[in-house]
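# Residue-level structural notes
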Amino acid sequence: LLALNSRFLHGITPGVLDGFTTLEQLNLANNLITSLPAGLLDDLVALEKLNLNGNLLARLPARLLWQSPRLESVELSNNQLQQLAGNLFPAQLSSLRLLRVDGNALTQLDNRTFTHLSALTLLDCHDNAIATLEPDAFFGLSALEQLELHGNALDELAAATLQP
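For every chain, the first residue of the written sequence is number 1, and numbering continues from 1 along that sequence. Only residues with pLDDT of 70 or above have their local features reported here, since the model is predicted, and side-chain atom pairs are shown and tallied only from 80 upward, although totals for entire chains, interfaces and linings are computed over all residues. To obtain the side-chain values, all non-hydrogen atoms of the structure were included, while hydrogens and water were left out.

### Things to note about the overall build of the chain
Secondary structure elements are taken from DSSP: a helix is a run of H or I of four residues or more, a strand is a run of E of two residues or more, and numbering for both begins at the N terminus. What the chain contains, in helices and strands, is 0 helices and 9 strands. The order of helices and strands in the chain, counted from the N terminus, is β-β-β-β-β-β-β-β-β. Throughout, the radius of gyration refers to the C-alpha atoms, and the reference size of a globule is 2.2 Å times the residue count to the power 0.38. Computed over its C-alpha atoms, the radius of gyration of the chain comes to 15 Å, within 12% of the 15 Å expected for a compact globule of 164 residues. The C-alpha extent of the chain, read off along each of the three principal axes, is 45 × 30 × 20 Å. Counting all 164 residues of the chain, 45% fall into the buried class. Here a residue-residue contact requires only that any non-hydrogen atoms of the pair lie within 4.5 Å. Of the contacts made within the chain by residues no fewer than 6 positions apart, 57% connect residues no fewer than 24 positions apart. Accessible surface is estimated by sampling points in the Shrake-Rupley manner with a 1.4 Å probe; for residues, cover comes only from the protein chains shown. As displayed, the chain offers around 8,000 Å² of accessible surface, 47% of which is attributable to carbon and sulfur atoms. The centroid of the 8 positive side-chain charges in the chain is displaced by 7 Å from the centroid of its 17 negative side-chain charges. With a 1.4 Å probe rolled over the protein chains alone, any residue whose accessible area is under 20% of its type maximum counts as buried; one over 50% counts as exposed, and the rest are partly exposed. For the purpose of counting charges, residues Lys and Arg are taken to be positive, whereas Asp and Glu are taken to be negative. His and the chain ends are not included. Charge positions come from single atoms, namely NZ of Lys, CZ of Arg, CG of Asp or CD of Glu.

Here it is, written out as structure tokens:
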């Protein structure tokens, strides 16, 4: 466990986590981090839990999670994320069970954003500004048990949208 939460960190220097190949938990919650360097997690091949809650992140590097195939939990709540890039969640994340993106500035969930997250049981997207859910937004979420969408700007929900 590497816990650097609540330290008033403004940023992370590229390469600072290089060599942490056995690290299982990384907690960077409740800081002032505005961006993450590309490749930040590349050496963290044993990482199971990532907590970036309560920062000032508006976007994430496209391949942030690609080298962490053992991830079970990703917490991105209470940032300023405006979108989740389509390539953020790769096929390697077959163990991911919990994803929290609540309390951000998301306005829509695109088609197949979560396609490769077949083990995901909890997806928390509440308290965003989501007004649009694409028809295949939740495609591939065959194990999903809990979906939190309250506190968004949804006016209408098509039946096909909720088909895994």
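### Structural notes on the sheet that holds strand S4 (residues 73-75)
The pairing criterion is simple: DSSP has to find at least two bridges between the two strands. Across the sheet, 7 strands lie side by side as S1-S2-S3-S4-S5-S7-S9; this open sheet has parallel pairing. Every other strand in the sheet has two partners, leaving strand S1 (2-3) and strand S9 (146-148) as the edge strands with one partner each. As defined by bridge partners, S1 adjoins strand S2 (residues 25-27) across 2 bridges and the pair is classed as parallel. Residue leucine 2 lies in a different strand from S2, and its bridge partner there is leucine 26.

### What about the environment of valine 45?
Positionally, valine 45 belongs in the loop between S2 and strand S3 (49-51). Here the alpha-carbon distance between valine 45 and alanine 160, two residues 115 residues apart in the chain, equals 36 Å. Not counting residues within four places of it along the chain, the set of residues in contact with valine 45 comprises Thr21, Gln67, Pro69 and Arg70.

### What to know about the nonpolar core
To qualify as a nonpolar core, a set must consist of buried Ala, Val, Leu, Ile, Met, Phe, Trp, Tyr and Cys residues joined through side-chain atoms within 4.5 Å. Formed by 42 residues in total, the largest nonpolar core has its most connected members in Leu26, Leu41, Leu65, Leu99, Leu109 and Phe114. The residues touching leucine 109, leaving out its near neighbours within four places in the chain, are Leu84, Phe114, Cys125, Ile130, Thr132, Leu133, Glu134, Ala137 and Phe138.

### Examining the side chain of threonine 113
Tracing the backbone shows threonine 113 in the loop between strand S6 (108-109) and strand S7 (122-124). Exposure remark for threonine 113: the relative accessible area of 3% places this residue in the buried category. Throughout this description, a polar contact denotes any pair of N or O atoms lying within 3.5 Å of each other; where both atoms belong to protein, one of them has to be capable of donating a hydrogen while the other can accept it, and for residues adjacent in sequence the pair is counted only when both atoms sit in side chains. Polar side-chain contacts of threonine 113 include one of 3.0 Å to the backbone oxygen of aspartate 110. Dropping the residues within four chain positions of it, threonine 113 is found in contact with Leu84, Ala85, Gly86, Phe89 and Ala137.

### Here we look at the pattern of salt bridges
A carboxyl oxygen of Asp or Glu within 4 Å of a side-chain nitrogen of Lys or Arg is what we treat as a salt bridge. Counted under the stated rule, the structure contains 4 salt bridges. Residues aspartate 124 and arginine 100 are paired through a salt bridge, measuring 3.1 Å at the closest nitrogen-oxygen approach. Taken as a pair, aspartate 124 in strand S7 and arginine 100 in strand S5 (residues 98-100) lie far apart in primary sequence, 24 residues in all. What makes arginine 100 partly exposed here is its relative accessible area of 24%. Overlapping salt bridges, with partners in common, bring together Glu75, Arg100 and Asp124 in one network.

So far we have only geometry, and geometry alone does not tell us how the molecule works.
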